Amino acid sequence: MSAMKAEVEYRGGVFKCDEDTRAHILTAAQWLVNPESTPGLLLCGLCGNGKTTLAKAIAWLIGYLTEREEGYSKRKRMLLYTAKNICRLCAASEKFKEQYDEYGRLFTEPMMIIDDLGEEPKEVMVYGMIHTPIIDIISERYAAQRMTIITTNLEVDALKEKYGDRIIDRFREMLTSIIFTNDSYRTRKNSN
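Attention in this report is confined to the structure presented alongside it. Please read these numbers as outputs of a predicted model, since none were measured by experiment.

## Some points on the overall build of the protein chain
Stage number 1. Looking only at helices and strands, the protein chain has seven helices and seven strands in total.
Stage number 2. Beginning at the N terminus, the succession of helices and strands in the protein chain can be written as α-α-β-α-β-α-α-β-β-β-α-β-α-β.
Stage number 3. A compact globule built from 192 residues should have a C-alpha radius of gyration of about 16 Å, and the protein chain, at 17 Å, falls within 12% of that.
Stage number 4. The 192 residues of the protein chain split such that 44% are buried.
Stage number 5. For the protein chain, long-range pairs separated by at least 24 residues make up 76% of all intrachain contacts whose partners lie at least 6 apart in sequence.

In structure tokens form, the structure reads like this:
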């Protein structure tokens, strides 16, 4: 809860812990502390209801706890990339080595957040070949069981239509879902 509050206040908002937010935080906390949990979370629901904020709060908490336990030099980072930026990196990797290297690291990062899944193009052209960056990264992260948090505004049917049965089936095994049904906090002044 403190990490969520810090994330909201960092953006200049006022944290108000309503029933929905409390339930989302509790589910995420249970996922974090259970050694039998899936390696990832799927945070899905309408726009503006706290999905990205919760994902960033989890990343902040992991960094804070590992720094406290192991020291600053061993602080664990959880990178956040929007799905669109992942596709941009893939496309730019054709011409720029730095983007090629950064894109390649996304497959092996121990922990990462993919934000706004579904906002990106499904396919990207690189060296005359069609790539599916998000599908490729999710498939690789699934195979290696790497910690992945995904946020999306898409419902299950829309996810299935965009990514296919194979990826949705992997989601079921790889990700614990938290469904956000609450209204947008952005329409409420100075809140989450």
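## Some thoughts on the environment of Tyr 72
Stage number 1. With respect to the helices and strands, Tyr 72 occurs in the loop between helix 3 (51–70) and strand 2 (79–82).
Stage number 2. Relative accessible area serves as the criterion here: at 64%, Tyr 72 is assigned to the exposed category.

## Some thoughts on the sheet that holds strand 1 (residues 40–45)
Stage number 1. Read from one edge of the open sheet, five strands run 2-3-6-1-7, paired in parallel fashion. What marks the edges here is a single partner per strand, and that holds for strand 2 and strand 7 (175–180). Neighbour-to-neighbour, the strand axes of the sheet open up by a mean angle of 15 degrees, direction not taken into account.
Stage number 2. In this fold helix 2 (residues 19–33) packs onto strand 1, strand 6 (147–152) and strand 7, with an angle of close to 175 degrees to the strand it touches most, strand 7.
Stage number 3. Relative to the sheet, helix 7 (residues 156–174) contacts strand 1, strand 3 (111–117), strand 6 and strand 7, its axis offset from that of strand 7 by approximately 120 degrees.

## Some words on the nonpolar core
Stage number 1. In this structure, Ile 86, Ile 114, Leu 117, Ile 134 and Phe 171 are the most contacted members of the largest nonpolar core, which totals 30 residues.
Stage number 2. Elements with a contribution of two residues or more to this core: strand 1, strand 2, helix 4 (83–92), strand 3, strand 4 (124–126), helix 6 (133–144) and helix 7.
Stage number 3. In terms of residue count, helix 7 provides more of this core than any other element does, six residues in total.
Stage number 4. Residues in contact with Ile 114, not counting those within four places in the same chain, are Tyr 81, Ala 83, Ile 86, Ile 134, Ile 137, Ile 138, Thr 148, Ile 149, Ile 150 and Thr 151.
Stage number 5. Core analysis: the second largest hydrophobic core is formed by 22 residues, Met 4, Trp 31, Ala 55 and Ile 149 among them.

## A word on helix 7
In an α-helix, one full turn covers 3.6 residues, which means residues spaced three or four apart are oriented alike.
Stage number 1. With 19 residues, helix 7 extends only 15 Å from end C-alpha to end C-alpha; this falls clearly short of the ideal 27 Å at 1.5 Å per step.
Stage number 2. Buried within helix 7 we find Leu 159, Lys 162, Tyr 163, Ile 167, Ile 168, Arg 170, Phe 171 and Met 174.
Stage number 3. Against strand 1, strand 3, helix 6, strand 6 and strand 7 lie the buried residues of helix 7.

## Overview of the packing of aromatic side chains
Stage number 1. The tally for this structure, following the rule as stated, stands at two aromatic pairs.
Stage number 2. A centroid spacing of 5.5 Å and a plane angle of 5 degrees characterise the contact between Trp 60 and Tyr 64, whose relative ring orientation is stacked. Linking Trp 60 with Tyr 64, this pair stays in helix 3, spanning four residues, or about one helical turn.
Stage number 3. Geometrically, the ring pair formed by Tyr 103 and Phe 107 is edge-to-face, given 5.3 Å between the ring centres and 90 degrees between the ring planes. Pair check on accessibility: Tyr 103 and Phe 107 agree, each one buried.

## Some thoughts on the pattern of salt bridges
Stage number 1. Under the definition given, this model contains three salt bridges.
Stage number 2. For the salt bridge of Glu 9 with Lys 5, the shortest nitrogen-to-oxygen distance reads 3.0 Å. Here Glu 9 pairs with Lys 5, and both are found in helix 1 (residues 2–10), just four residues apart, close to one helical turn.
Stage number 3. For Glu 9, a relative accessible area of 40% gives the class partly exposed.

Calculation criteria
- Residues numbered from 1 in each chain as written.
- Predicted model: local features only at pLDDT ≥ 70, side-chain atom pairs only at ≥ 80, totals over all residues.
- Heavy atoms only, no water.
- Helix = DSSP H or I, 4+ residues; strand = E, 2+ residues; numbered from the N terminus.
- Rg over C-alpha atoms; globule rule 2.2 N^0.38 Å.
- Buried < 20%, exposed > 50% of the residue type's maximum accessible area, 1.4 Å probe, protein only.
- Contact = heavy atoms within 4.5 Å.
- Pairing = 2+ DSSP bridges.
- Axes fitted to C-alpha atoms, helices over the stretch in contact; angles between N-to-C directions.
- Core = buried A, V, L, I, M, F, W, Y, C linked by side-chain atoms within 4.5 Å.
- Expected span 1.5 Å × (residues − 1).
- Phe/Tyr/Trp six-rings, centres within 6.5 Å; stacked < 30°, edge-to-face > 60°.
- Salt bridge = Lys/Arg side-chain N within 4 Å of Asp/Glu carboxyl O.

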